[in-house]
Amino acid sequence: MLVRSLLAGLLACSLALAEPATLPTTRPATQPGGGPTGSRYPRLDELVALQKAREAELAARRQVAMFEINSAVTERPSDFSWFGPSDALTLRSIVSRLHKARDDQSLQAVLLSFGAGASMNLAAATEIRDALAEIRRAGKKVFVFADSYDSITYTVASAATDICMLEAGEVTIPGIGVETMFYRGTMDKVGITPDFVQIGEYKGAQEPYMRTSASEELRGEMNKLVDSLFTLIVDGIATTRGLSRDTVRRAIDDTMVSGPEALERGLVDHLVDQDGLRQLIERKLDGEMNLIENYAAKPREEVDFSNIFSLLKAMTRKPEATRGPTVALFYAEGVITDGSGEGGLLESAGIGSETMRSALRTAGKDENVKAVVIRIDSPGGSALASEVIWQAIRRVAKEKPVIISIGGMAASGGYYLASAGDYIFADPSAIIGSIGVVGGKFVLKDLFTRIGLSTEEFSKGRNADLYSTTKVWDERQRELIRKSMQTVYDQFTQRVMTTRRGKIADIDRVARGRIFLAGEAQKLGLVDELGGLEKAIAHAAERAGLEKDKFEIQTLPAPKTLADLLSGGTTQLRSASRSVLSSDSLLLAVPESARRQLARQLLLMRVLEKRGVALLAPFMLQIR
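Residues numbered from 1 in each chain as written. Predicted model: local features only at pLDDT ≥ 70, side-chain atom pairs only at ≥ 80, totals over all residues. Heavy atoms only, no water.

A.B. asks: Hey, could you run me through the packing of helix α5 (residues 122–137) against helix α9 (residues 216–241) in this one?
C.D. replies: To characterise two packed helices, one gives the angle between the axes of the helices and the distance between these axes. Contact pair α5 / α9: the axes reach a minimum separation of 12 Å and the direction vectors enclose 20°. Judged on the interaxial angle alone, α9 and α5 are roughly parallel. Our pair here, α5 against α9, has a crossing hand that is left-handed. Taking contact as the criterion, the partners of Leu122, Arg129 and Arg136 in α5 are, on α9, Leu229, Ile233, Gly236 and Thr240. Of the residues contributing to the contact of α5 with α9, the split by class is three nonpolar, two polar and two charged. (Axes fitted to C-alpha atoms, helices over the stretch in contact; angles between N-to-C directions. Helix = DSSP H or I, 4+ residues; strand = E, 2+ residues; numbered from the N terminus. Parallel < 35°, antiparallel > 145°, perpendicular 65-115°, else oblique. Left-handed = near helix turned anticlockwise from the far one by under 90°. Contact = heavy atoms within 4.5 Å. Nonpolar A, V, L, I, M, F, W, Y, C, P; charged D, E, K, R; others polar.)

A.B. asks: How do you make sense of the pairing of strand β4 (residues 109–114) when you look at a structure like this?
C.D. replies: Two faces belong to every sheet, and in a regular strand the side chains alternate between them. Within β4, six of the six residues are buried, which leaves it mostly tucked inside the rest of the structure. With burial as the criterion, each face of β4 is covered, one bearing Ala109, Leu111 and Ser113 and the other bearing Val110, Leu112 and Phe114. Note: β4 against strand β5 (residues 141–146), five bridges, orientation parallel. Directly across from Val110, in β5, lies its bridge partner Val142. The β-α-β motif built from β4, the intervening α5 and the parallel element β5 has right-handed crossover chirality. (Buried < 20%, exposed > 50% of the residue type's maximum accessible area, 1.4 Å probe, protein only. Pairing = 2+ DSSP bridges. Right-handed = clockwise from strand over helix to strand, strands pointing away.)

A.B. asks: Would you explain the sheet that holds β5 in this entry?
C.D. replies: Hydrogen bonds between backbone groups are what pair the strands of a sheet, and the pairing can be parallel or antiparallel. An order of β11-β6-β5-β4-β3-β12 is seen for the six strands of this open sheet, with the pairing classed as parallel. Lying at the two open borders of the sheet, with one neighbouring strand each, are β11 (270–271) and β12 (289–292). Running over the sheet, α5 touches β3 (62–69), β4 and β5 and is turned about 145° from β5. Each of β3, β4, β5, β6 (162–165), β11 and β12 touches helix α12 (residues 277–285); the most contacted strand, β5, lies at about 160° to it.

A.B. asks: Any chance you could explain the packing of helix α4 (residues 91–103) against α5 here in plain terms?
C.D. replies: It is at 9 Å that the axes of α4 and α5 come closest, and there the two elements cross at 5°. Relative to α5, the element α4 lies roughly parallel. Between α4, through Leu91, Ile94, Val95, Leu98, His99, Ala101 and Arg102, and α5, the contact on the second element is made entirely by Ala124, Glu127, Ile128, Ala131, Leu132, Glu134 and Ile135. Per-class residue counts for the contact of α4 with α5 are ten nonpolar, one polar and three charged.

A.B. asks: Looking at this structure, how should I read a nonpolar patch on the surface?
C.D. replies: Where nonpolar side chains cluster on the molecular surface, the patch consists of Leu44, Leu47 and Val48 and spans about 290 Å² of accessible area. Relative to the assigned elements, Leu47 resides in helix α3 (residues 44–59). Using a relative accessible area of 44% as the deciding quantity, one classes Leu47 as partly exposed. (Patch = residues over 30% accessible without salt bridge, like charges linked within 9 Å, V, L, I, M, F, W, Y side chains within 5 Å. Areas by Shrake-Rupley, 256 points an atom, 1.4 Å probe, with all protein chains shown as cover. Salt bridge = Lys/Arg side-chain N within 4 Å of Asp/Glu carboxyl O.)

A.B. asks: How should I be thinking about α5 in this particular structure?
C.D. replies: Note on helix geometry: an α-helix contains 3.6 residues per turn, so any two residues three or four positions apart are oriented the same way. The terminal C-alpha atoms of α5, which comprises 16 residues, lie 22 Å apart, in line with the 22 Å expected from a rise of 1.5 Å per residue. Counted residue by residue, α5 has twelve buried out of 16 residues, so it is predominantly covered. When we look at burial in α5, the residues that qualify are Leu122, Ala123, Ala124, Ala125, Thr126, Glu127, Ile128, Arg129, Ala131, Leu132, Ala133 and Ile135. Here α5 starts with a cap whose side-chain oxygen sits 3.2 Å from the backbone nitrogen of Ala123, and that cap is Asn121. Following α5 by one or two positions, Gly139 has its phi on the positive side, about 95°. (Expected span 1.5 Å × (residues − 1). Polar contact = N/O pair within 3.5 Å; in protein donor to acceptor, adjacent residues only side chain to side chain.)

Structure (structure tokens):
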């Protein structure tokens with residue numbers, strides 16, 4: 001482990017200080033408690049003196065704060081926690097700790113190390129990069145180390161004063177790829193007939209089912225998005241790293257740049273292994289360093305596993321109630337669904353309308369909650385669930401400031417939620433818009449015939465078979481669906497203009513399914529300001545009249561604990577306990593990119609099965 005190798009010197013020093021003290025006098029062999037002649041263990045005052053001497057020695061060294069990212073950086077804390085709330089490796093916990101390092105006058109440098117399991121989206125990488133850049137502007141050295149870099153980790157590292165990499169490593173930046181999977185060909189082969197309608201010619205959400213390739217409208221939107229993201233990455237690396245754009249583009253075109261070549265091109269500063277990092281940093285700082293492991297991380301409360309009562313207390317602990325001025329922080333991440341929003345093994349948890357409405361109601365009634373911040377990363381989902389949450393947000397906004405922070409995406413239903421806020425921040429890489437509606441169903445009659453199944457319907461009512469899986473819509477029914485979807489679309493644009501009137505000059509120009517990167521969305525009035533979550537929290541506090549650093553931040557809805565399970569509440573733990581022979585478990589063998597696509601389609605099918613109308617973006621974004 002990197003910490004062990006870097007702290008080896010300190011460990012040896014600590015052991016030396018802890019050895020028995022040698023005194024210049026001897027004592028008789030018959031003296032009680034005797035040990036080897038001429039030595040004894042130090043008295044309490046001597047131990048205190050030794051500790052003070054050690055602390056003074058460490059304080060005299062160059063102080064270096066260390067951060068390790070060895071796993072996925074998530075937006076929100078875990079939905080379920082055995083031992084109460086935890087924000088172990090969330091984006092906000094990392095950025096807030098980096099801000100403390102920026103303001104800590106005792107620090108001379110920061111070291112951020114990436115492990116093999118490190119991953120995050122581009123929005124998170126941008127926020128961490130910007131936090132490192134602030135540390136650099138504060139006059140501190142910033143060291144970043146990884147065995148190899150990809151697009152995401154190199155985006156973060158580009159803000160460092162010293163980028164360190166293993167000599168055998170590579171800088172791999174393949175560019176930008178947005179993937180949309182088309183299912184029509186497969187459906188034709190197995191006997192599934194998709195029957196879809198969309199409102200907004202640029203929407204494209206029905207195309208994966210109705211076509212085998214993208215329409216010109218969708219292709220144009222995708223190319224525009226890819227061009228914007230590519231430019232954002234090139235400009236970001238060039239600006240923070242101090243390289244020409246041509247140098248960055250050439251590295252992307254070459255894709256895999258070896259260690260020595262990366263050093264020659266100025267992409268990295270040092271080729272070094274973990275064991276050589278201490279010597280390198282001390283040379284750059286011109287003195288011995290004191291490495292502060294897990295700098296500013298919240299200590300986890302120790303749990304006595306040998307005491308059943310202590311264990312149960314820890315496992316049933318509830319989040320503390322607000323005790324003073326508070327900013328309530330909500331995470332709206334994933335597909336928007338009716339109900340609780342819980343997922344299974346294949347499907348990640350989404351944004352449940354009932355869960356969000358209940359939590360927003362709690363925040364609205366809590367007198368200590370002075371402002372609300374909602375962090376959104378969602379491609380959309382259920383139209384009805386989006387409206388339920390929009391109404392809940394606006395109800396809170398009548399009494400308290402509601403500030404929106406858009407992370408990776410606020411598309412379709414995701415932007416529906418964003419439009420409910422008083423002020424909208426967006427990360428520069430955020431995807432905004434896709435204001436449009438899609439609706440439909442999957443007709444399985446041919447599939448049933450091929451496998452020997454037959455159905456017989458008994459119904460009464462002119463449109464009792466509207467959502468039948470054995471027949472497509474006739475023209476009258478199709479017009480009925482289209483009319484319903486037009487109503488949803490009109491409501492969508494009306495909701496947007498409720499809060500964005502005077503900011504969006506032409507709703508038709510930004511609607512009809514069009515998508516934008518945050519910078520362009522800001523120019524068009526969809527977004528108020530570019531910035532991350534911390535900026536949104538500071539703005540919310542300012543609007544509420546709260547003094548800096550004199551308010552709490554409480555995450556809602558709170559993670560569920562064992563107490564929720566015992567009291568009959570549902571949690572992901574219950575979903576995760578399903579039989580290992582379930583279809584979810586079998587699909588875990590599918591490669592991650594395909595699994596994410598399949599999970600997305602399962603959620604869409606669930607939404608359409610309930611309502612028949614959805615507000616969903618037509619693509620998934622994955623940058624490596």
